[in-house]
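Remarks on the overall topology
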Amino acid sequence: MDCRAVIRELSEYLDGELDRTLFEEVERHLAHCQDCRLVVNTTKKTIEFYCNSAPLPLPEDVRNRLHAALATRLKRPSP
Ligand SMILES: [Zn+2]
């Protein structure tokens, strides 16, 4: 699994909706990829923030901005 695959499964991963095999693949990737761990932590905090203020899933515009930010990040060559 690469970073793009992790990002693609991210919302289901955080919602606990991934099947066990995929979940474990994401966990394995996160264990060695700091970039994705950062993304996961940031997304978790964003979701917690919105869950505390309103019982809704991630709003559409936040989701779009997040995906745009991730796309930009993933396009940058790794150091
Ligand atoms: Zn990654």
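Per-chain numbering applies: the sequence of each chain, read as written, is numbered from 1 onward. Since the coordinates come from a predicted model, pLDDT governs what is reported: local features require at least 70, and pairs of side-chain atoms require 80 or more to be given and counted, while whole-chain, interface and lining totals use all residues. Calculation of side-chain values draws on the structure's entire complement of heavy atoms; hydrogens and water are dropped beforehand.

On the protein side, the zinc ion has Cys-3 (SG), His-29 (NE2), Cys-33 (SG) and Cys-36 (SG) as donor atoms, found 2.0 to 2.3 Å from it. The donor set comprises N, O and S atoms within 2.8 Å of the metal, extended to 3.2 Å for Na, K and Ca; water molecules are omitted, so apparent gaps in a site may simply reflect that omission. The rule is simple: four donors are tetrahedral if all their angles sit between 85 and 135 degrees, four are square planar and six octahedral if opposite donors span more than 155 degrees and the others lie between 65 and 115, and anything that fits none of that is irregular. Seen from the zinc ion, its 4 donor atoms lie at angles of 106 to 111°, and the figure they make is tetrahedral. Each donor residue of the zinc ion lies on one chain, and together they are spaced C-x25-H-x3-C-x2-C. Cys-36 matches Cys-33 in its accessibility class, with the two residues each being buried. For every residue, the accessible area obtained with a 1.4 Å probe (protein chains only) is divided by the maximum for its type, and the residue is called buried under 20%, exposed over 50%, and partly exposed between those limits.

With that out of the way, let us pick up the nonpolar core. Side chains of a nonpolar character, in soluble globular proteins, are inclined to be buried together. As used here, the term nonpolar core means buried Ala, Val, Leu, Ile, Met, Phe, Trp, Tyr and Cys residues forming a set that is joined through side-chain atoms within 4.5 Å. Counting 13 residues, the largest nonpolar core has Tyr-13, Val-26 and Leu-30 as the members making the most contacts within it. Comment: elements are numbered from the N terminus, with helices defined as DSSP H or I runs of at least four residues and strands as E runs of at least two. Mapped by element, the contributors of at least two residues to this core are α1 (3-15), α2 (20-32), α3 (34-53) and α4 (60-75). Among the elements that make up this core, the one with the highest residue count is α1 (4 residues). The contact rule is simple, with two residues in contact once any of their heavy atoms fall within 4.5 Å. The contacts of Tyr-13, once residues within four sequence positions are left out, are Leu-18, Phe-23, Val-26, Glu-27, Leu-30 and Val-40.

What follows deals with the environment of Val-6. In this fold, Val-6 is placed in helix α1. On the basis of relative accessibility, which here comes to 1%, the residue Val-6 falls in the buried class. Separated by 21 residues in the primary sequence, Val-6 and Glu-27 have C-alpha atoms spaced 9.2 Å apart. Among all residues touching Val-6, those that are not within four sequence positions of it are Met-1, Val-26, His-29, Leu-30 and Cys-36.

Among the structural elements, Cys-33 can be located in the loop between α2 and α3. In this structure the C-alpha to C-alpha distance between Cys-33 and Cys-3, which are 30 residues apart in sequence, comes to 8.2 Å.

Two elements in contact, α1 and α2, have axes separated by 10 Å at closest approach and are oriented at 125°. The orientation of α1 with respect to α2, classified from their angle, is oblique. For the element pair α1 and α2, the recorded crossing hand is left-handed. Contact residues: Cys-3, Val-6, Glu-9 and Tyr-13 in α1; Leu-22, Phe-23, Val-26, Glu-27, His-29 and Leu-30 in α2. Taken together, the residues of the contact of α1 with α2 break down into 7 nonpolar, 1 polar and 2 charged. Each axis is a line fitted through C-alpha atoms, taken for helices only over the stretch in contact, and angles between the N-to-C directions span 0 to 180 degrees. What sets the label is the angle itself: under 35 degrees gives roughly parallel, over 145 gives roughly antiparallel, 65 to 115 gives roughly perpendicular, and the rest give oblique. Should the near helix be turned anticlockwise from the far one by less than a right angle, the crossing is left-handed, and should it be turned clockwise, the crossing is right-handed. Each residue is assigned to one of three groups, with Ala, Val, Leu, Ile, Met, Phe, Trp, Tyr, Cys and Pro labelled nonpolar, Asp, Glu, Lys and Arg labelled charged, and all others, Gly among them, labelled polar.

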